[in-house]
Each structure stands twice: as C-alpha cells, then as structure tokens.
Amino acid sequence: MSTTIFWHPLCSDHNTGAEHPERAARMQAVLDALGTDEFAALNWREAPPASFEQIERVHPPRYVDKVMSRIPAWGSAAIDGDTLLSPGSFEAALRAAGAVCTAIDAVFAGETTNAFCAIRPPGHHAEREKAMGFCLFNNIAIGAAHARKRHGIRRVAIVDFDVHHGNGTQNICAEQADILYVSTHQAPLYPGTGHRDEHGVANNILNIPLGPGTDGVKLRSVWEQEIAPALYAHEPELLLLSAGFDAHRDDPLAEFMFEEDDYVWLTRQLLGVAANCCGNRVVSALEGGYELSALAASAAAHVRTLLEV
Ligand SMILES: [Zn+2]
C-alpha cells in the first residue's frame, strides 16, 4: 500500500513576499523534508487545476469572478491586511484545490492508500464568499463536495488540527448534515470563531477551543473524550484532514505546545478511525505552519505516519 504526495510547482507562484508568514518557502521546506532518502517509498503526482465546476460547488461564480478580477497584472494586491494576491495566485489556488480533488480520486480508485497535499495557498479560512486569513478557495471543502458528487458517498468527516479555527470550512459545512467538521484550535485567537455553541444544523460541527499552552497531553484527552466518539458516531466514508502545523511549540503565530511526536500520535489515531470506518481512505491537505523547521519536521512526522498503513 502507499502514500502519494500531490503538489504543483505553480503553488510557489502565489507570491506573498519573503516576509509574509504564508510564503512560498513554507511549501519548499515541506517538499525538501519529504524529498530525502527516508521517503523514497512516497509516490509523487503533480496536481491538475481544479475545474470551475469543482470550485463552484462551494463558492458561487460571482465570488470566483471577484477573486479572478482582483489578481494584479504585476506586483501585488491585497484582499485584506493578511491576504495578498500576485499574478500567479489564481493558478496556484486552482492547483491547491485540484490537488485535493485529484487525491480523493486516486484514493477512491485504489491508486494510493492515502495522500498528503503539499499545497498553498491554504484554504480553511476561505468562506463561501469571503477570502481571508491567507486563503482564497476552501480546498478541503471543495474536496468534500467533490467526493460526494463524484464518488457517490454521503458522509465525510473533516478534522482540522490547525491551531486556528477553520471559520471558512464551518461556514460552508454547517448546514450540510452529512459533513462532520471537527476543529481543535486556540482561543482566543484569529479569526475569533469556533465557539462550543456553534453546532451546525445537525450537531455536525464540533468546536474544541483550547487555551494557550495546550500540549499533547491535553490533545490526547480531548481525542478520547470528544473527537474519537464524534468520528465513530458519524461513520465517515472518507476522512479529510486540514493539516496545519502551527500548533507546534515553535510556531510564531500561536501558543500551543505540540511537538512532532504529537503529530505522529494524532495521525495514528486518525488512521485508526479511517481503518475502522472507511477502508483507510484519508486525504490530508496542508493548511498553516509558519516556522520553517518546525513545519518541515511536523509535516514529515505526519507523512511518515501516513506511510505506516
Ligand atoms: Zn493556522
């Protein structure tokens, strides 16, 4: 069995500048870490662009047009203080969403056991009609919609272990009872959403806000008490991961205290759910992670564990 990395060099053409936290060097750090001899067993596939049909299952055409119209011919443009656009941003965003959709196709075709999408821009802050927090299109929600449409499944679970709440994913999925969205995130922290009383239309949103200093011990306790029971009760036919690594203790944007071993442990638990519920079908997509060496080591720990299946 196998793990495949989905990526595309054009994701580096989303140029936010060298000083921006969400910069092209992040993806390169992850690719470099996964390119070592230790990872010789990985398969690699370049992602096609997502189609407009795939994106517009989540974002209305007027929003897609708006993003496209804001792309500068040269230099950069700002959607907000955090979210920048460069001439290559639209194509990068299409490849990022395309990677998740194609990875899902590969998993359902039995071409790979699981997959990790080493992509940018990230997606989980992108709401149905709002780009924000470095995100343009919601890659993981587009993947969930694609899986349901293309592969005839109903129940999807999205687990988001980025240190920030995926307000965009919640915004898109809250009224879709068959999609369970689970998020662990620091509170208070950007974007300020993700309260426990945000449940979704059918208790399909599980927000677990946690204080600064949250470590792997606390993670294990909320997994046992809340996350695992919710996932098993939902019986997903596909498990999607919003894999942000900014909960690492060295990350400059937040104050969680995760270490590489915590990502190994968490990934093993998630793979256990997938083994029991959905034939090991797991597609993981990179979200945040802003300290390059911590990001690279954490993503490597995650992918090393995906390879254990
Ligand atoms: Zn984040």
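Residues numbered from 1 in each chain as written. Predicted model: local features only at pLDDT ≥ 70, side-chain atom pairs only at ≥ 80, totals over all residues. Heavy atoms only, no water.

Trainee: When you look at the coordination of the zinc ion in this model, what are you seeing that I'm missing?
Mentor: Bound to the zinc ion are the protein donor atoms Asp162 (OD), Asp162 (OD), His164 (ND1) and Asp246 (OD), situated 2.0 to 2.7 Å from the metal. Taken in chain order, the donor set of the zinc ion reads D-x1-H-x81-D. Each member of the pair, Asp162 together with His164, is buried. (Donors = N, O, S within 2.8 Å, 3.2 Å for Na, K, Ca; no water. Buried < 20%, exposed > 50% of the residue type's maximum accessible area, 1.4 Å probe, protein only.)

Trainee: In this structure, what is going on with the nonpolar core? I would like to understand it.
Mentor: Buried together is how nonpolar side chains tend to be arranged in soluble globular proteins. Core analysis: the largest hydrophobic core is formed by 99 residues, its most contacted members being Phe116, Phe137 and Leu231. Per-element tally for this core: the top contributor is helix α4 (residues 89–108), with 12 residues. (Core = buried A, V, L, I, M, F, W, Y, C linked by side-chain atoms within 4.5 Å. Helix = DSSP H or I, 4+ residues; strand = E, 2+ residues; numbered from the N terminus.)

Trainee: How do you make sense of the pairing of strand β10 (residues 282–286) when you look at a structure like this?
Mentor: When a strand is regular, its side chains alternate between the sheet's two faces. Among the 5 residues that make up β10, 5 are buried, leaving the element largely enclosed by the rest of the structure. Across the two faces of β10 the burial is the same, with Val282, Ser284 and Leu286 and Val283 and Ala285 all buried. One ladder, built from 4 bridges, connects strand β5 (residues 114–117) with β10; its direction is parallel. Residue pairing for β10: Asn114 is matched across the bridge by Val282. With 5 bridges connecting them, strand β9 (residues 238–243) and β10 associate as parallel partners. Residue pairing for β10: Ala243 is matched across the bridge by Leu286. (Pairing = 2+ DSSP bridges.)

Trainee: In this structure, what is going on with unusual backbone geometry? I would like to understand it.
Mentor: Glycine aside, a negative phi is what most residues show, and trans is what most peptide bonds show. The step from Arg120 to Pro121 runs through a cis peptide bond, and the omega angle for that step is 0 degrees. Assignment of secondary structure puts Pro121 in the loop between β5 and α5 (139–150). The phi dihedral of Asn280 falls on the positive side, at around 70 degrees, and the residue is not glycine. With respect to the helices, strands and loops of the structure, Asn280 is situated in the loop between α8 (260–277) and β10.

Trainee: Explain the sheet that holds strand β1 (residues 3–7) here, please?
Mentor: Two modes of strand pairing occur in sheets, parallel and antiparallel, and in both the strands are linked by backbone hydrogen bonds. In spatial order, the strands read β2-β1-β5-β10-β9-β6-β7-β8; together these 8 strands make up an open sheet with parallel pairing. Lying at the two open borders of the sheet, with one neighbouring strand each, are β2 (43–46) and β8 (205–210). Recorded for the sheet is a direction-independent mean angle of 15 degrees between the axes of neighbouring strands. Set on the sheet, α5 makes contact with β6 (156–160), β7 (179–186), β9 and β10; between it and β9 the angle comes to about 170 degrees. (Axes fitted to C-alpha atoms, helices over the stretch in contact; angles between N-to-C directions. Contact = heavy atoms within 4.5 Å.)

Trainee: Please clarify how α5 should be interpreted in this entry.
Mentor: Within an α-helix, residues lying three or four positions from one another point in the same direction, as the helix has 3.6 residues per turn. Between its terminal C-alpha atoms α5 stretches 16 Å, which fits the 16 Å expected from 12 residues at 1.5 Å a residue. Buried residues of α5: Asn139, Ile140, Ala141, Ile142, Gly143, Ala144, Ala145, His146 and Ala147, and no others. Downstream of α5 by a residue or two, Gly152 has a phi angle that is positive, lying close to 65 degrees. (Expected span 1.5 Å × (residues − 1).)

Trainee: Would you take a moment to explain the side chain of Ser298 for this structure?
Mentor: Position of Ser298 relative to the elements: it lies in helix α9 (residues 292–306). For Ser298, a relative accessible area of 0% puts it in the buried group. Side-chain polar atoms of Ser298 contact the backbone oxygen of Ala294, separated by 2.7 Å. In contact with Ser298, other than residues within four places in its own chain, are Phe245, His248, Glu260 and Tyr263. (Polar contact = N/O pair within 3.5 Å; in protein donor to acceptor, adjacent residues only side chain to side chain.)

Trainee: Sorry if this is basic, but what is going on with the pairing of β9 here?
Mentor: For β9, the tally of buried residues reaches 6 of 6 residues, placing the bulk of the element in the interior. The alternating pattern of β9 places Leu238, Leu240 and Ser242 on one face and Leu239, Leu241 and Ala243 on the opposite face, and all of these are buried. With 5 bridges joining them, β6 and β9 adopt parallel strand pairing. Across the sheet, Val156 pairs through a bridge with Leu238, a residue of β9.

Coordinates in, geometry out; function isn't part of it.
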